[in-house]
Amino acid sequence: MSSTAGLKTGLLTIGERIELLRRQRDLSRRALAELVGRSEEWLRLIESGNKPLDSVALIFRLAEALHIKDVREFIALPPQLAPAGVEAGDQLAESLKRSIINYPAIRTNEGTAANTESLTDLTDRLHRCQNIWEHSPTRYTELAESLPKVLTAARIQYLLSHDDDAGELLLQSYHLSRRFLTRIGSHQLAFTAADRATMVAEQLRNPWQLAACAWHTGNGMLGLSQAQECHDYAMTAADHLTDVADSVDKTVLTGALQLLAAKGAAAAGNVAESDRLTTAATHRASQFDTDHRTYDIPFGPTESLIARLEIMLWGGNCEQAAELAAQQHVPDAHPISGRMRFHLAGAYACARRNDYAGASSALGKAADVCPEDFRYGSDTQSTLQYLVKQDNRLVRQEVHELARVAGLR
């Protein structure tokens, strides 16, 4: 799972890919088999993985019958996403990769540009990026255009000045990049962004900034399936805040780290530890009437609810998660990121308990919040792929319409 909710179906085999495409095109197994000159039983064995598809000629026949233009889509489907989503997500990740990986060369024109733009103006641009991510239904395409430029400028600013305010700006730029990259499934690059931010925070020596970086790094670990490492890292960071004077910031960061550690524990199979941390964090959240943010990390009653759903899913408790999602509601005023995580967690939980109508309904609500998520969000596409594969006749029309929005049809 990623930070939004653990909504993976895993790597699709060639047979599963054939079955998915066949169903999307409303072809029976017999009809497709006849198109490629083979028996229905042969195709059944291929789709079930009980017979290898080791004939180049048959691969091309199947691709032609299923209207696949690029055979590479057929034989090497990447994990989690359908080809449209992979290609789109990779393009968005590429827009940030250069800004994160490359060392900012101090060429004359770059240095001049960085010096002519005030730190205040650059901070305003970053705040606009943050607002886009939390509130715009076209947040993926908008951020892919604007955030790389802000991050590059922030890196140059800090490299030239080593000013604490410039360092804070760079930290926030890295953290927003991490969120964005996690959502599109670019987990290695997301972890790199979090790690770069931690290097800056260590130079600034601010305990709050280090705790915020630990939260992002832990999320990066979770995205890379390092569940136990995520738990241990988040708990170490929370422990470092123990001796700090009580404040709203301490409550927010400690609670957020506890929820993250609970996800790691659940994914690692440590149910008792996950329950303990979830209870402790929920108690902290109950101190607030509304959610608060510290270093742009949210925590409070609503975020605690969403995290509890995700923790249940990490632990494989889909039944309880579906019941909780049906009983609760996330306000429309809550940021898009949180609302999407809530709806996707509910959709995945319903799908896994064979409540396809409930899953379709939850995905429909998610589409109303941010239709772009269906094209670029890795968890969204994973859940949608699962529903497409089930091909339940009661929700077939709704699911196929969502698949069209996602670029799967």
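Procedures and definitions
- Residues numbered from 1 in each chain as written.
- Predicted model: local features only at pLDDT ≥ 70, side-chain atom pairs only at ≥ 80, totals over all residues.
- Heavy atoms only, no water.
- Helix = DSSP H or I, 4+ residues; strand = E, 2+ residues; numbered from the N terminus.
- Contact = heavy atoms within 4.5 Å.
- Core = buried A, V, L, I, M, F, W, Y, C linked by side-chain atoms within 4.5 Å.
- Buried < 20%, exposed > 50% of the residue type's maximum accessible area, 1.4 Å probe, protein only.
- Phe/Tyr/Trp six-rings, centres within 6.5 Å; stacked < 30°, edge-to-face > 60°.
- Lys NZ or Arg CZ within 6 Å of the ring centre and 35° of its normal.
- Salt bridge = Lys/Arg side-chain N within 4 Å of Asp/Glu carboxyl O.
- Expected span 1.5 Å × (residues − 1).
- Arc of directions from axis to C-beta.
- Axes fitted to C-alpha atoms, helices over the stretch in contact; angles between N-to-C directions.
- Parallel < 35°, antiparallel > 145°, perpendicular 65-115°, else oblique.
- Left-handed = near helix turned anticlockwise from the far one by under 90°.
- Nonpolar A, V, L, I, M, F, W, Y, C, P; charged D, E, K, R; others polar.

Tell me about the overall build of the chain, and please be specific about residues and values.
A tally of regular secondary structure across the chain gives 22 helices and 2 strands. If you take every contact in the chain between residues at least 6 apart in sequence, the share linking residues at least 24 apart comes to 71%.

Go over the nonpolar core with me, naming the residues and quoting the values.
Among the nonpolar cores identified, the biggest contains 76 residues, and Phe 180, Leu 181 and Leu 384 are the most heavily contacted of them. Broken down by element, this core gets its largest block of residues, 10 residues, from helix 18 (residues 336–352). Other than its neighbours up to four places away in sequence, Phe 180 contacts Leu 92, Leu 96, Trp 133, Tyr 140, Leu 143 and Ala 144. Residues Ala 237, Leu 241, Ala 266 and Trp 314 belong to the second largest nonpolar core, which totals 31 residues.

How would you summarise the packing of aromatic side chains if you had to cite specific residues and measurements?
Tallied over the full model, the rule gives 5 aromatic pairs. Note on Phe 288 and Phe 299: the rings are 6.5 Å apart at their centroids and 80 degrees apart in plane angle, and the pair reads as edge-to-face. Here Phe 288, found in the loop between helix 15 (271–285) and strand 1 (292–294), pairs with Phe 299, found in strand 2 (residues 297–299); they are 11 residues apart in sequence, far enough to count as distant. You'll find Phe 288 and Phe 299 in the same group, each marked buried. Here the aromatic cluster, defined as three or more aromatic residues joined through ring pairs, consists of Trp 133, Tyr 140, Phe 180 and Tyr 376. When the ring centre of Tyr 386 is taken as reference, the NZ or CZ atom of Arg 352 above it lies at 4.1 Å.

A description of the pattern of salt bridges should follow, citing residues and the corresponding values.
Across all of its chains, the model carries 17 salt bridges by this definition. A salt bridge links Arg 23 to Glu 19, with the shortest nitrogen-to-oxygen separation between them at 3.2 Å. Here the residue Arg 23 and the residue Glu 19 both occupy positions in helix 1 (residues 14–24), the gap between them amounting to 4 residues, near one helical turn. On the basis of relative accessibility, which here comes to 23%, the residue Arg 23 falls in the partly exposed class.

Describe the side chain of His 175, naming the residues involved and giving the relevant values.
Tracing the sequence through the fold places His 175 in helix 10 (residues 164–183). According to the relative accessible area criterion, His 175 is buried, its value standing at 7%. In this view, His 175 contacts Ala 197, Ala 212, Cys 213 and His 216; residues no more than four positions away in its chain are not counted.

If you had to explain helix 19 (residues 356–369) to someone new, which residues and values would you point to?
Note on helix geometry: an α-helix contains 3.6 residues per turn, so any two residues three or four positions apart are oriented the same way. Between its first and last C-alpha, helix 19 extends 20 Å over 14 residues, near the 20 Å set by a 1.5 Å rise per residue. For helix 19, the set of buried residues is Tyr 356, Ala 359, Ser 360, Ala 362, Leu 363, Ala 366, Ala 367 and Val 369. Turning to helix 19, the residues buried within the fold contact helix 18, helix 20 (373–376), helix 21 (378–390) and helix 22 (396–406).

I'd love a proper account of the side chain of Thr 251, names of residues and values included.
Considering the arrangement of structural elements, one finds Thr 251 in helix 14 (residues 248–267). Note on Thr 251: relative accessible area 11%, which makes it buried. Residue contacts for Thr 251: discarding those within four places in its chain leaves Arg 284, Gln 287, Phe 288 and Phe 299.

Can you break down unusual backbone geometry residue by residue, with the values?
Glycine aside, the phi torsion of most residues is negative, and most peptide linkages are trans. In this structure, Arg 205 takes a positive phi of about 60 degrees despite not being glycine. Position of Arg 205 among the secondary structure elements: in the loop between helix 11 (187–204) and helix 12 (207–223). For Arg 205, a relative accessible area of 71% translates into the label exposed.

Let's hear about helix 13 (residues 227–240): which residues, and what values?
For helix 13, with 14 residues, the first-to-last C-alpha span of 20 Å sits near the 20 Å given by 1.5 Å per residue. For helix 13, the complete set of buried residues consists of Ala 227, Cys 230, His 231, Ala 234, Met 235, Ala 237 and Ala 238. Relative to the axis of helix 13, the buried residues are bounded by an arc of 160 degrees and lie together on one face. Buried residues along helix 13 sit in contact with helix 12, helix 14 and helix 15.

Requested: an account of the packing of helix 10 against helix 11, with residues and values cited.
How two helices sit against one another is set out by the angle between their axes and by the gap between those axes. For the pair helix 10 and helix 11, the least separation of the axes is 8 Å and the interaxial angle reads 160 degrees. Comparing the axis directions of helix 10 and helix 11 gives the class roughly antiparallel. Relative to helix 11, the crossing made by helix 10 is left-handed. On the side of helix 10, the interface is formed by Asp 164, Gly 167, Glu 168, Leu 170, Leu 171, Tyr 174, His 175, Ser 177, Arg 178, Leu 181 and Thr 182, while helix 11 contributes His 187, Leu 189, Ala 190, Ala 193, Ala 194, Arg 196, Ala 197, Val 200, Ala 201 and Leu 204. Split by residue class, the contact of helix 10 with helix 11 holds 12 nonpolar, 5 polar and 4 charged.

Tell me about the packing of helix 13 against helix 14, and name the residues and values.
Across the interface, helix 13 lies against helix 14 with an axial gap of 7 Å and an inter-helix angle of 155 degrees. Judged by the inter-axis angle, helix 13 sits roughly antiparallel to helix 14. In this structure, the crossing between helix 13 and helix 14 has a hand that is left-handed. Residue-level inspection shows Ala 227, Cys 230, His 231, Ala 234, Met 235, Ala 237 and Ala 238 of helix 13 in contact with helix 14, the latter providing Leu 257, Leu 260, Ala 261, Gly 264, Ala 265 and Ala 267.

So, the environment of His 343: which residues are in play, and what are the values?
Position of His 343 among the secondary structure elements: in helix 18. Residue classification places His 343 among the buried positions, given a relative accessible area of 14%. With 37 residues separating them in the primary sequence, His 343 and Thr 380 have C-alpha atoms 9.7 Å apart. Residue contacts for His 343: discarding those within four places in its chain leaves Ala 362, Lys 365, Ala 366 and Val 369.

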